[in-house]
Amino acid sequence: KNTMVDVDTKPSPVQPHWYERYVQPCVAELLGSALFIFIGCLSVVEDVEGTGRLQPALAHGLALGLTIAILGDI
């Protein structure tokens with residue numbers, strides 16, 4: 001008897017769960033936008049006289065970088 005098994009079968013790709021496909025990106029977008037807007041508004045409210053446009057620009061840039069670093073893989 002020949003008892004060899006065919007090993008060349010490819011496993012079917014795993015479909016992501018509905019939460020990972022639909023809900024998680026929406027929650028990440030909501031949190032990222034809220035962080036970006038919240039930090040941006042706070043940087044404008046506490047604008048010191050000598051900083052001018054630099055403080056809000058740096059705050060928005062750092063908030064965007066932080067959001068991308070934390071939520072970018074989603």
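See above for the structure.
Throughout this description, residue numbers start from 1 for each chain and increase along the sequence as written. Confidence filtering applies because this is a predicted model: local features only for residues at pLDDT of at least 70, side-chain atom pairs given and counted only at 80 or more, and all residues used for totals across whole chains, interfaces and linings. Calculation of side-chain values draws on the structure's entire complement of heavy atoms; hydrogens and water are dropped beforehand.

**What to know about helix 1 (residues 18–45)**
Part 1 of the argument: Compared with the 40 Å implied by 1.5 Å per residue over 28 residues, the 40 Å span of helix 1 between its first and last C-alpha is a close match.
Part 2 of the argument: Consider a residue and the seven residues that end there alongside the seven that start there; fitting an axis to each set, the bend is the angle between those axes. Every helix listed is a DSSP run of H or I at least four residues long, and every strand listed is a run of E at least two residues long, numbered separately from the N terminus. The sharpest bend along helix 1 measures roughly 35 degrees and falls at Gln-24, with the proline Pro-25 sitting one to four residues further on.
Part 3 of the argument: Elements in contact with the buried residues of helix 1: helix 2 (54–71). To estimate how far a helix should extend, the number of its residues minus one is multiplied by 1.5 Å. When checking whether two residues touch, look at their non-hydrogen atoms; a contact exists if any pair is within 4.5 Å.

**A short note on the packing of aromatic side chains**
Part 1 of the argument: Aromatic pairing here means that ring centres of Phe, Tyr or Trp (its six-membered ring) are within 6.5 Å. Orientation follows from the plane angle: under 30 degrees is stacked, over 60 is edge-to-face, and everything else is tilted. The final tally for this structure, using the stated rule, is one aromatic pair.
Part 2 of the argument: Where Trp-18 meets Tyr-19, the ring centres are 6.4 Å apart and the plane angle is 85 degrees; that geometry is what we call edge-to-face.
Part 3 of the argument: Each residue is assigned to one of three classes by its accessible area relative to the maximum for its type, calculated with a 1.4 Å probe on protein chains only: buried under 20%, partly exposed between the two thresholds, exposed over 50%. According to the relative accessible area criterion, Trp-18 is exposed, its value standing at 53%.
Part 4 of the argument: We classify Tyr-19 as partly exposed; its relative accessible area is 40%.

**Re the packing of helix 1 against helix 2**
Helices that pack against each other are described as a pair by the angle of their axes relative to one another and the distance between those axes.
Part 1 of the argument: Lines are fitted to the C-alpha atoms to define the axes, a helix being fitted only along its stretch in contact, and any angle between axes, read from their N-to-C directions, falls within 0 to 180 degrees. The geometry of helix 1 relative to helix 2 is characterised by a closest axis approach of 9 Å and an angle of 160 degrees between their N-to-C directions. Relative to helix 2, the element helix 1 lies roughly antiparallel. As for the relative orientation of helix 1 and helix 2, their crossing is right-handed in sense. Counted together, Ala-28, Leu-31, Gly-32, Leu-35, Phe-36, Ile-39, Gly-40, Ser-43 and Val-44 of helix 1 and Gln-55, Pro-56, Ala-59, His-60, Ala-63, Leu-64, Leu-66, Thr-67 and Leu-71 of helix 2 form the full contact between these two elements.
Part 2 of the argument: For the contact of helix 1 with helix 2, the residue count by class is twelve nonpolar, six polar and no charged. Throughout this description, any angle smaller than 35 degrees is read as roughly parallel, any larger than 145 degrees as roughly antiparallel, any in the 65 to 115 degree range as roughly perpendicular, and the remainder as oblique. Should the near helix be turned anticlockwise from the far one by less than a right angle, the crossing is left-handed, and should it be turned clockwise, the crossing is right-handed. Note that Gly is not counted as nonpolar here; it falls among the polar residues with everything else outside the nonpolar set of Ala, Val, Leu, Ile, Met, Phe, Trp, Tyr, Cys and Pro and the charged set of Asp, Glu, Lys and Arg.

**Brief notes about the side chain of Ser-43**
Part 1 of the argument: Locating Ser-43 in the fold gives a position in helix 1.
Part 2 of the argument: By relative accessible area, Ser-43 is classed as buried at 5%.
Part 3 of the argument: Looking at Ser-43, its side chain comes within polar contact range of the main-chain oxygen of Gly-40, at 2.7 Å.
Part 4 of the argument: Ignoring any residue separated from it by four or fewer positions in sequence, one finds Ser-43 in contact with Gln-55, Pro-56, Ala-59 and His-60. A 3.5 Å cut-off defines polar contacts: any pair of N or O atoms within that distance qualifies, except that in protein one atom must be a possible hydrogen donor and the other a possible acceptor, and neighbouring residues in sequence count only when both atoms are side-chain atoms.

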